[in-house]
Amino acid sequence: MQEISVSRRADATPHAAALIEGLRDIGYSLETAISDVIDNSITAGAHRIKINTEAYSEEPYIAIIDDGDGMTEDELVAAMRPGSRNPLDTRDEPDLGRFGLGLKSASFSQCRRLTVVSRKSGQTSAAIWDLDDVAQRNEWAVQLPDGVTGIPAVEQLGPKGTLVLWQKLDRLTGGYSHNAAKRAEVINQRIAETERHLRLVFHRFMEVSKPLRILLNERLLRPLDPFARKNPATITDPRETLTLIRGDVEIQSFTLPHHKQVGKTEWDDIGGPEGHLKSQGFYLYRGKRLILHGTWFGLCRQSEITKLSRVRIDIPNSMDADWKIDVKKSSAQLPPVVRDRLKKVIERILAGSKRTYSKRGQKLVDHERLPLWHRIQADGQIRYRPNVEHPAFADFAESLPPDLRRGFFNCIALVGASLPIESLHADMAGTAEQIVPDRVDEDTLAQAVQATLSVLMGARKDIKEIMSLMKDVDPFRSAWEDTQRIIAATIETKEKE
Ligand SMILES: Nc1ncnc2c1ncn2[C@@H]1O[C@H](COP(=O)(O)OP(=O)(O)OP(=O)(O)O)[C@@H](O)[C@H]1O
Ligand SMILES: [Mg+2]
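In this text, all values refer to a predicted model and were calculated from it rather than measured experimentally.

(A) Seen up close, the overall build of the protein. A tally of regular secondary structure across the protein gives 17 helices and 15 strands. For a compact globule of 497 residues, the expected C-alpha radius of gyration is about 23 Å, and the protein comes in at 31 Å, more than 25% above that figure. The burial tally for the protein puts 42% of its 497 residues in the buried class. In the protein, once contacts between residues fewer than 6 apart in sequence are set aside, the share between residues at least 24 apart is 64%. Entry remark: accessible area of the protein is about 27,900 Å², with carbon and sulfur atoms responsible for 52%. Computed over 70 positive and 71 negative side-chain charges, the inter-centroid distance for the protein is 3 Å.

(B) Structural context of the packing of helix α12 (residues 391–398) against helix α13 (residues 402–417). Interhelical geometry of α12 versus α13 gives an angle of 155° and a closest axis separation of 9 Å. It follows from the interaxial angle that α12 and α13 lie roughly antiparallel. The handedness of the crossing between α12 and α13 is right-handed. Between α12 and α13, the contacting residues are Phe393, Phe396, Ala397 and Glu398 on the first element and Arg405, Phe408, Phe409 and Ile412 on the second. For the contact of α12 with α13, the class distribution of residues is six nonpolar, no polar and two charged.

(C) Representation of α13 within the structure. The end-to-end C-alpha distance of α13 is 23 Å, a good match for the 22 Å that 16 residues give at a rise of 1.5 Å each. Every buried residue belonging to α13 is among Phe408, Ile412 and Gly416, and all of these are buried. Along α13, the residues classed as buried sweep out an arc of 85° about the axis, all on the same side. Across α13 from its buried face, at more than 90 degrees, point the exposed residues Asp403, Arg406, Asn410, Leu414 and Ala417.

(D) Quick look at the site of ligand 1. Neighbouring ligand 1 are 19 residues; Arg98, Leu101, Gly102, Lys104 and Lys329 lie closest to it. Between Asp66 and ligand 1, the recorded distance is 2.8 Å, taken from a side-chain N or O atom to a nitrogen atom. Between Leu101 and ligand 1, the recorded distance is 2.7 Å, taken from a backbone N or O atom to an oxygen atom. Counting only elements with at least two residues in the shell around ligand 1, the list comes to α2 (30–43) and α4 (102–108). When the residues that make up the shell around ligand 1 are grouped by side-chain class, the tally is six nonpolar, seven polar and six charged.

Criteria and thresholds
Along each chain, residues carry numbers from 1 onward, in the same order as the chain's sequence is written. Throughout, the order in which chains and ligands are written sets their labels, letters from A for the former and numbers from 1 for the latter. Since the coordinates come from a predicted model, pLDDT governs what is reported: local features require at least 70, and pairs of side-chain atoms require 80 or more to be given and counted, while whole-chain, interface and lining totals use all residues. Processing note: side-chain calculations cover all non-hydrogen atoms of the structure and skip hydrogens and water entirely. Numbering of helices and strands runs from the N terminus; a helix is a DSSP stretch of H or I covering at least four residues, while a strand is a stretch of E covering at least two. Only C-alpha atoms enter the radius of gyration, while the globule expectation follows 2.2 Å times N to the 0.38, with N the number of residues. Only protein chains enter the area calculation, which uses a 1.4 Å probe; residues under 20% of their type maximum are buried, those over 50% are exposed, and those in between are partly exposed. Any two residues whose heavy atoms approach within 4.5 Å at even a single point are treated as in contact. Values of accessible area rely on a 1.4 Å probe in the Shrake-Rupley scheme; residue burial ignores everything except the protein chains shown. The sign given to each residue is positive for Lys and Arg and negative for Asp and Glu; His and the chain ends receive no count. Taken as the charge centre is NZ of Lys, CZ of Arg, CG of Asp or CD of Glu, depending on the residue. With axes taken as lines fitted to C-alpha atoms, and helix axes fitted only over the stretch in contact, angles between N-to-C directions fall between 0 and 180 degrees. Should an angle fall under 35 degrees it is taken as roughly parallel, and over 145 as roughly antiparallel, whereas 65 to 115 is taken as roughly perpendicular and any remaining angle as oblique. Whether a crossing is left-handed or right-handed is set by the direction in which the near helix is turned from the far one by less than a right angle, anticlockwise for left-handed and clockwise for right-handed. Any residue outside Ala, Val, Leu, Ile, Met, Phe, Trp, Tyr, Cys, Pro, Asp, Glu, Lys and Arg is labelled polar, Gly included; the first ten of those are nonpolar and the last four are charged. Here the expected span of a helix is defined as 1.5 Å times the quantity of residues minus one. Directions pointing from the helix axis toward each C-beta atom define the arc. The cutoff for a nearby residue is simple: one of its non-hydrogen atoms must lie within 4 Å of the molecule or strand. Two N or O atoms count as a polar contact when they lie within 3.5 Å, although within protein this holds only if one can serve as hydrogen donor and the other as acceptor, and sequence-adjacent residues are included solely when both atoms are side-chain atoms.

This is the structure:
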């Protein structure tokens with residue numbers, strides 16, 4: 001760079017009021033904000049973290065209380081400084097922090113008054129950032145109260161630990177700043193919505209032998225393992241390690257059990273409000289804390305084929321710069337070398353799923369005439385067409401006079417051409433497993449069974465083979481017990497004849 005001489009400098013100290021207000025809007029949600037405060041508690045060695053809310057009072061608050069190491073007054077004042085540590089510093093391995101900002105930025109994203117009370121070696125210290133006070137004085141000066149009596153939730157602090165208290169919850173009123181009951185409803189609703197996020201983000205800390213306990217309004221949260229490792233039907237691939245200059249990246253793939261092998265509650269729990277389709281993909285953990293999930297980082301599409309695949313990636317905090325970890329700890333970017341390795345992981349997953357799928361396809365080809373629908377793939381398009389050669393259709397058509405027969409085939413073609421594709425798309429993207437074949441009544445089923453039976457028996461297939469052929473296709477598959485009964489009755493009648 002060319003040397004340019006500088007003989008004057010002008011003061012450009014940031015305006016406290018403007019900058020601290022700007023810190024509020026870097027994109028936190030209530031759940032990412034609470035998680036950022038919990039990160040600090042975990043780094044301070046806490047085993048019990050309580051989140052208590054007072055929603056109904058005239059001055060609602062959210063308090064997060066831990067039993068970690070706490071801070072002295074000097075440490076507390078340092079902690080309240082925006083940019084309390086240099087992001088370029090090397091941090092201890094279990095340290096979940098990076099920027100020296102989280103406590104402040106997360107808190108201000110939700111409230112205008114942050115009080116921190118901390119107890120260490122028998123000493124209790126307190127400090128307050130009140131944005132209205134900063135706005136008025138326009139200086140970087142944190143308030144140090146003379147005592148702690150009267151500070152809500154302070155009595156919950158144990159012999160050591162820290163209380164982070166959010167008051168003036170202007171971002172959580174839902175527009176009801178003058179309607180206390182409605183406001184309380186909004187706060188309670190928003191707090192309830194954070195539960196799943198916390199169970200997921202911190203599940204690895206909650207699963208170990210001396211576990212972290214998080215209590216949300218006195219209720220102990222259960223960990224939510226997105227890989228359902230306790231379920232014996234989950235398939236776990238071996239762990240791979242990618243050794244890079246600044247640390248190791250650990251990669252492990254899991255295939256969740258099919259929804260029929262999991263109870264409904266567990267299935268919904270691991271799928272979450274977004275559903276399984278949107279929850280597949282990479283789960284990136286930094287120091288065992290979940291940073292982001294439900295994305296393939298643009299390396300493949302979230303499709304039905306890979307719906308049950310989830311890949312765990314573990315990175316240490318020494319790689320923050322390579323992964324471009326953000327202040328909120330909720331986004332990251334793939335370093336190119338990791339991208340190449342993950343591409344291979346995805347190729348393997350796709351090859352595995354395709355094999356299972358084509359095996360199923362093969363099966364259908366074997367009994368060409370039996371499915372009621374044909375899947376026709378050509379010219380980059382996939383069509384579903386009713387199989388008019390199916391014995392149930394063909395047999396009935398045979399019994400019709402030729403002009404009615406044409407009309408019948410037209411009706412069938414019309415059903416095929418008006419398949420509600422868009423609505424199926426929408427349902428598949430949401431809760432595909434809830435789409436089920438319609439039930440057929442006994443009469444319809446009997447007609448289909450009898451027609452199919454007579455064709456198969458005519459082809460001199462033995463009854464065992466006929467049963468195994470029919471068992472795999474609808475409508476017989478989904479009404480198998482009734483089908484068996486009708487087969488038995490039909491054979492009995494035929495034998496009597
Ligand atoms: N609950 C707590 N117990 C003990 N010390 C804490 C607690 N919360 C914050 N601190 C101290 O305050 C400092 C500042 O916290 P802050 O969250 O602002 O930044 P950070 O954790 O260092 O980095 P990041 O911005 O990535 O979160 C921490 O480094 C820690 O020393
Ligand atoms: Mg932090």
